Amino acid sequence: MRGNKKTQVKGDKGKKRMLQDERVRFTLGFFVLLFALYLTLAFVSFLFSWKVDQSFEWQSVFSNATIRADNWAGKVGATFASQFMNRWFGVASFIVPFLIGIGGLRLLKLRVLPLRKTILRGLVGMLILSLILGYLFDETGGYLGSGLGGQHGLFISRWLNAFIGKTGTAFLLIILSFSYLFFISDKFVVKVKSLVRGVIESVKRSRTLHHSKDTERVVSAEEKEPQTEPMDDSPGQVVLNELPIEADTPMASVFQEDEKIESTPFDTSITESKPAATEKNKPAEDDEVEIEVQRITEETAAEQKQDETDFYDPTLDLSSYQRPLLELLEEHTNKEAPVSDEELLENKNKIVETLGNYNIKIARILATVGPTVTLYEIVPAPGVRISKIKNLEDDIALSLAALGIRIIAPIPGRGTIGIEVPNQRPEVVSMYSILRSTKFQDSKFDLPVALGKTISNETFVFDLTRMPHLLIAGATGQGKSVGLNAIITSLLYKKHPAQLKFVLVDPKKVELTLYNKIERHFLAKLPDTEEPIITDTQKVINTLNSLCIEMDARYDLLKAAHVRNIKEYNEKFVARRLNPNKGHKFLPYIVVIVDEFADLIMTAGREIENPIQRLAQLARAVGIHLIIATQRPTTNIITGVIKANFPARIAFRVTSMIDSRTILDSPGANQLIGKGDMLISTGNDMVRLQCAFVDTPEVERITDFIGNQKGYPSAFNLPEYVGDTAEDSSEVDLKKRDELFEEAASLIVSTQQGSTSHIQRKLSIGYNRAGRIIDQLEAAGIVGPFEGSKARQVLIQDELSLEHILKGLDS
């Protein structure tokens with residue numbers, strides 16, 4: 001028995017070596033391609049020569065050389081064609097040479113389509129097509145001998161007709177066809193959904209149009225109808241009683257959106273209802289009654305009109321806007337599986353062997369293959385300590401010869417220990433595959449963001465409004481910019497320009513410039529600024545403070561509307577329950593994306609941190625969300641205040657465990673493998689993802705597609721903000737100088753250091769008092785204006801000049 005197993009293993013290895021030989025593969029692949037072409041030629045010829053080719057007794061055809069077939073491929077080709085197209089699957093048999101050709105190309109190492117999926121889909125499609133042709137062309141069963149569906153399709157369709165009837169068979173074939181198309185193509189699902197939505201919307205529009213025409217007829221009939229009934233004492237009262245109000249029609253249906261009717265809804269009826277002779281003997285009370293009736297009816301007409309008209313649509317200004325197409329993205333996925341069975345088995349054996357060397361027994365081990373990492377879940381034997389396995393992290397990495405081994409002990413909610421091992425051939429997760437997934441297409445989130453795929457190959461989609469802010473950190477070149485592009489792209493594919501605005505801050509001036517083209521669609525900026533992408537530090541400060549003003553204004557609107565958040569406010573406004581004349585308007589979401597946050601902190605310091613802190617604490621309820629990215633995850637950049645208001649954090653690969661703890665409050669980011677490999681923490685749990693890859697040409701195509709469409713006249717204008725530094729210095733009263741003013745001036749001139757902390761430290765006073773003194777020194781012209789985190793420039797160089805200035809102040 002052992003000898004037989006050894007010879008069998010040797011035989012399998014010999015076959016693999018033979019197929020690995022380039023000459024054997026090329027010869028075999030070329031032969032398979034020629035055979036596919038030969039079958040195609042035989043099948044095509046059989047469409048014309050099927051009567052002659054089937055008139056022979058094929059047992060004697062090969063033995064009798066005088067008998068000739070009319071098929072272009074000869075007797076052998078006629079035999080194959082008769083077998084496939086007559087006895088088996090009919091015209092659907094053309095799929096067979098196509099699948100054989102795909103196999104031949106694979107032998108030549110030309111990967112046109114995935115081999116296994118194509119063969120499976122092709123065979124199933126051939127069976128279904130044979131059934132459909134057999135059902136449709138049952139009456140013309142003589143063609144090709146057994147009809148277009150072959151004997152397979154003809155026999156099964158007739159059996160189904162007898163069993164469930166022709167109608168039932170038709171329904172069954174339709175279900176099979178749609179199910180087949182759903183399984184082989186995600187685009188077909190999306191197209192069917194869009195088609196159904198279009199039909200529903202067209203039906204709604206036709207009903208609305210028909211309803212409006214009916215109400216117009218009612219109004220026109222009322223206007224033309226003569227008033228023959230006797231009038232009461234009060235003409236205004238008669239008009240109210242004569243309005244044509246039906247039981248099933250709301251009162252507001254009488255009034256239309258036509259300007260002529262809407263301007264004077266009651267005036268024409270009142271004049272028609274008066275008698276021919278003017279009532280001069282009437283007192284002036286009649287006029288008062290008429291005016292009172294008109295005032296009441298106009299107030300009620302505004303309320304009734306809200307019930308009659310449809311909901312407000314904020315997208316009407318850009319009703320022709322089309323969201324970007326999925327065809328603008330590229331599919332970067334590999335054709336082969338990222339991890340082979342041999343690699344899985346080899347890693348499993350090495351893990352078991354390494355743990356066995358330390359007397360750690362394993363009850364069971366499972367493997368979950370992801371795009372870049374494979375998770376091996378270990379169920380240890382009873383009595384084994386988890387810490388014992390955790391301490392063997394470096395030994396397992398040594399045995400597997402892999403970079404970035406990460407042990408999760410234990411996996412929350414599973415009762416197992418996870419070992420994450422990088423794949424030898426990592427798979428690129430394309431943005432195309434993420435956005436076309438049903439999880440993203442069917443998401444009902446307010447701001448859906450598709451980041452990538454998890455270890456179990458599931459698309460990871462989250463709602464930015466629930467985060468509500470996002471902190472992204474990682475070393476240089478690990479995928480932060482690609483992650484920002486993935487976030488922006490997923491939002492562009494899901495939202496209308498009326499529903500979403502971006503504020504883009506790019507101190508590097510090169511990362512986000514691609515989005516200049518969508519300025520009039522999706523970008524927001526300060527008034528009278530030329531560039532929509534903010535790169536200057538002072539403009540960043542002004543923009544963030546302007547966002548604080550916008551936040552306060554939105555809170556005032558929410559307070560007036562008696563709602564708690566932007567979602568409730570917009571729902572109330574769309575339902576026409578808020579009056580635009582009182583300042584109410586539809587509020588779009590604003591997503592603020594700040595790249596290279598560390599550079600801003602270095603140049604502006606607290607001027608940047610204070611508005612960021614205020615927005616992070618309060619802005620979520622009014623629809624303003626922050627996404628901050630930095631490559632320096634140090635404690636002076638990511639302070640405790642920022643971490644407290646950014647519970648959702650994304651960590652790409654960092655160089656040290658300290659940086660990982662700064663971002664995530666736990667290690668792990670230092671064990672990532674880079675190139676989009678990341679950890680996302682939402683406060684409770686941590687998920688490892690492979691970020692979706694969207695290349696620069698793809699972003700350019702998306703922005704070109706959006707930018708070439710009709711947009712708004714300008715970008716979304718934020719409230720105007722004027723810095724208060726100049727005002728503060730001009731408002732300082734130098735007659736009320738501090739007692740330590742002269743001493744502080746002498747200190748600054750002598751040391752040539754103009755900073756508040758320097759005065760505070762040398763004169764042993766509080767920070768607020770030192771700040772007031774430095775403002776007075778600025779107003780006196782001794783120090784320069786505020787320059788962020790840098791010290792102020794000292795404008796006086798010697799004590800003599802200082803004395804001259806001080807004497808001028810005293811005089």
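Residues numbered from 1 in each chain as written. Predicted model: local features only at pLDDT ≥ 70, side-chain atom pairs only at ≥ 80, totals over all residues. Heavy atoms only, no water.

## A short note on the overall build of the chain
Short version of the rule: Put simply, DSSP marks the helices as runs of H or I at least four residues long and the strands as runs of E at least two long, and each gets a number from the N terminus on. By the convention used here, residues are in contact when the closest approach between their heavy atoms is within 4.5 Å. Using a 1.4 Å probe, the Shrake-Rupley method yields the accessible areas, and only the shown protein chains count as cover for residues.
Check the secondary structure of the chain and you find 31 helices and 15 strands. Contacts in the chain between residues far apart in sequence, at least 24 positions, make up 67% of those at least 6 positions apart. With an accessible surface of roughly 44300 Å², the chain has 55% of that area assigned to carbon and sulfur atoms.

## Here we look at the nonpolar core
Using the following cut-off: Definition used in this section: a nonpolar core is a set of buried Ala, Val, Leu, Ile, Met, Phe, Trp, Tyr and Cys residues joined via side-chain atoms within 4.5 Å. Only protein chains enter the accessibility calculation, which uses a 1.4 Å probe; a residue whose area is less than 20% of its type maximum is buried, one above 50% is exposed, and one in between is partly exposed.
In terms of nonpolar packing, the biggest core is built from 110 residues, with Leu451, Phe502 and Ile608 touching the most fellow members. Residue contributions to this core peak at 9 residues, all from helix H20 (residues 537–561). Ile759, Ile765, Ala780 and Leu806 belong to the second-largest nonpolar core, a separate cluster that totals 22 residues.

## A word on the sheet that holds strand S1 (residues 362–369)
Strand pairs in the sheet, formed through backbone hydrogen bonds, run parallel or antiparallel to each other. So the rule is basically this: Any two strands between which DSSP finds at least two bridges are classified as paired. Orientation is described by axes fitted as lines to C-alpha atoms, over the contacting stretch for helices, and by angles from 0 to 180 degrees between their N-to-C directions.
Taken in spatial order, the 4 strands of this open sheet run S1-S2-S4-S3, and their pairing is antiparallel. Of all strands in the sheet, those bounded by a partner on one side alone are S1 and strand S3 (406–408). Across the sheet, the mean angle from the axis of one strand to that of its neighbour is 20 degrees, orientation sign disregarded. Here S1 runs beside strand S2 (residues 373–380); their pairing, made up of 7 bridges, is antiparallel.

## Side note on the sheet that holds strand S14 (residues 686–691)
In spatial order, the strands read S6-S5-S14-S13-S12-S7-S11-S10-S8; together these 9 strands make up an open sheet with mixed pairing. Unpaired on one side and paired on the other, strand S6 (459–463) and strand S8 (500–505) mark the two borders of the sheet. When strand polarity is set aside, the average angle formed by the axes of neighbouring strands in this sheet is 30 degrees. Against the sheet, helix H22 (residues 597–604) makes contact with S8, strand S10 (589–594) and strand S11 (624–630), and its axis sits at roughly 90 degrees relative to S11, the strand it touches most.

## Here we look at the side chain of Arg406
If you trace the backbone, Arg406 turns up in strand S3. We classify Arg406 as buried; its relative accessible area is 9%. Discounting residues that sit within four places of it in the chain, Arg406 has contacts with Glu393, Gly418, Ile419, Glu420, Gly668, Gln671, Leu679, Met686 and Arg688.

## Things to note about the environment of Ile658
Structurally, Ile658 can be placed in helix H25 (residues 657–664). Ile658 sits 23 residues away from Thr635 along the chain, and the two C-alpha atoms are 9.8 Å apart.

## Describing the packing of aromatic side chains
Keep this limit in mind: Note on aromatic contacts: the rings of Phe and Tyr and the six-membered ring of Trp form a pair at centre separations within 6.5 Å, being stacked when their planes are under 30 degrees apart, edge-to-face when over 60 apart, and tilted otherwise. Look at NZ for Lys and CZ for Arg. If either is within 6 Å of the ring centre and within 35 degrees of the ring normal, a charge sits over the ring.
One pass over the structure, following the stated rule, counts 11 aromatic pairs. Taken together, a centroid distance of 5.8 Å and an interplanar angle of 55 degrees make the contact between Phe43 and Phe84 tilted. On the criterion of sequence distance, the pair formed by Phe43 in helix H2 (residues 22–53) and Phe84 in helix H4 (residues 74–88) is long-range, its members being 41 residues apart. On the basis of relative accessible area, Phe84 is assigned to the buried category, the value being 14%. Residues Phe460 and Phe462 carry aromatic rings whose centres are separated by 6.1 Å and whose planes lie at 50 degrees to one another, so their mutual orientation is tilted. The pair Phe460 / Phe462 is uniform in exposure class, with both members buried. Every member of this aromatic cluster is reached through a ring pair, and the members are Phe43, Phe84, Trp88, Phe89 and Phe94. Between the NZ or CZ atom of Lys494 and the centre of the ring of Phe440, over which it lies, the distance is 5.1 Å.

## Examining the pattern of salt bridges
Rules: Only one rule defines a salt bridge in this text: a Lys or Arg side-chain nitrogen within 4 Å of an Asp or Glu carboxyl oxygen.
For the structure shown, the criterion picks out 20 salt bridges. Of the charged contacts, one joins Arg688 and Asp677 as a salt bridge, the two residues approaching to 2.5 Å between their closest N and O atoms. A residue pair is termed long-range when its members are at least 10 positions apart, and Arg688 in strand S14 and Asp677 in strand S13 (residues 677–681) qualify at 11 residues. The exposure classification of Arg688 matches that of Asp677, with both residues buried. Among the ionic pairs, Asp738 bridges to Arg769, the shortest N-O distance being 2.9 Å. Of this pair, Asp738 sits in the loop between helix H27 (725–731) and helix H28 (741–751) while Arg769 sits in helix H30 (residues 767–779), placing them 31 residues apart in sequence. Arg769 gets classed as partly exposed once you look at its relative accessible area, which sits at 27%. Salt bridges linked by common partners bring Arg406, Glu420, Asp677 and Arg688 together as one network.

## Examining the environment of Asn516
Tracing the backbone shows Asn516 in the loop between S8 and helix H19 (519–522). Among the residues examined, Asn516 registers a relative accessible area of 33% and is labelled partly exposed. On a C-alpha basis, the gap between Asn516 and Ile533 in space is 6.8 Å, while along the polypeptide they are 17 residues apart. Asn516 has contacts with Pro532 and Ile533, leaving out every residue within four places of it along the chain.

## Examining the confidence of the model for the chain
The predicted structure's coordinates, where accompanied by low pLDDT, should not be read in detail. To keep it simple, the criterion reads: For every residue, the predictor assigns a confidence score, pLDDT, that lies between 0 and 100.
When pLDDT is averaged along the chain, the result is 78; 78% of the residues meet or exceed 70. Mean pLDDT across the elements of the chain bottoms out in helix H9 (residues 235–242) (35) and peaks in S10 (95). Note that residues 5–10 has pLDDT below 50 and, in this model, 0 contacts with residues that lie over four places away or in other chains. In this model, residues 221–308 is a region of pLDDT below 50 whose contacts with residues beyond four sequence positions or in other chains number 61 contacts.

## Points about helix H13 (residues 341–357)
Residues that lie three or four places apart on an α-helix share one face, since the helix turns once every 3.6 residues. Rules: By this rule, a helix spans an expected 1.5 Å times one less than how many residues it contains. In this context, the arc is that of the directions from the helix axis out to the C-beta atoms.
When the terminal C-alpha atoms of H13 are compared, their 24 Å separation across 17 residues agrees well with the 24 Å that a helix rising 1.5 Å per residue should span. Glu343, Leu344, Asn347, Ile351, Thr354 and Leu355 are the residues of H13 that are buried. Angular distribution of buried residues about the axis of H13 spans 105 degrees; they occupy a single face of the element. Turned more than 90 degrees from where H13 packs its buried face, Asp341, Glu342, Glu353 and Asn357 sit exposed. Positive phi appears at Asn359, one or two residues downstream of H13, with a value of about 60 degrees.

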